[in-house]
Amino acid sequence: MSWCITDADTDGEWSWSEPRAWSDDEWAKIIKPGLDNQSQLTWREIDAASSGSGHKMHHGHEVGDICAEAQARWLERGLEQFDTLFRFRIGGQKKRAWGYIVQAHFRLVWWERNHKIYPVD
């Protein structure tokens, strides 16, 4: 697995007052080390990772499954050709790195701290 931040959306903030940009501290301590760790694995190993309850740690989502605001932002970013996102759970229960995969390369789009892009009850 390889990755990049070429398509990262770091402008502004979400309606729930979460900035899209990550802090230098988040980058250095959570995001970069987390993605670097994943890059040591194959996609098969990444797919097999699960939590203690058996829930997949990292997996894909259809764009239609995410919140309406994120769907609109996806289109604003010109990413409509990608109908599936992939998300890594990195750095805690609710933290996610969202993006898409092209030829086994993960392109990070959003860093999320509070599990609001794909909310669950």
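Our subject is the structure that appears above.
Thresholds applied
Residues numbered from 1 in each chain as written. Predicted model: local features only at pLDDT ≥ 70, side-chain atom pairs only at ≥ 80, totals over all residues. Heavy atoms only, no water. Pairing = 2+ DSSP bridges. Helix = DSSP H or I, 4+ residues; strand = E, 2+ residues; numbered from the N terminus. Axes fitted to C-alpha atoms, helices over the stretch in contact; angles between N-to-C directions. Contact = heavy atoms within 4.5 Å. Core = buried A, V, L, I, M, F, W, Y, C linked by side-chain atoms within 4.5 Å. Buried < 20%, exposed > 50% of the residue type's maximum accessible area, 1.4 Å probe, protein only.

Right, let's talk about the sheet that holds strand S5 (residues 105–112) for a bit. Read from one edge to the other, the open sheet built from 5 strands follows the order S1-S5-S4-S3-S2, with strand pairing classed as mixed. One side of each edge strand has no neighbouring strand; the edge strands of this open sheet are strand S1 (2–4) and strand S2 (59–62). Within the sheet, the average angular offset between the axes of one strand and its neighbour, ignoring direction, is 40 degrees. Inspection of the sheet shows strand S4 (residues 96–102) paired to S5 by 7 bridges, in the antiparallel sense. Within S5, the residue paired with Val102 across the bridge is His105. The sheet strands contacting helix H1 (residues 24–38) are S1, strand S3 (84–89) and S5, and the helix crosses S5 at an angle near 150 degrees.

Next up on the list: the nonpolar core. Grouped together as the largest cluster of nonpolar side chains are 15 residues, with contacts concentrated most on Met1, Leu35, Phe88, Ile90, Phe106, Leu108 and Trp111. Of all the elements in the fold, those that place two or more residues in this core are H1, S3 and S5. Residue contacts for Ile90: discarding those within four places in its chain leaves Ile30, Gly34, Leu35, Lys95, Ala97 and Trp111. The next biggest cluster of nonpolar side chains, apart from the first, holds 14 residues, and it includes Cys67, Leu79, Leu85 and Trp110.

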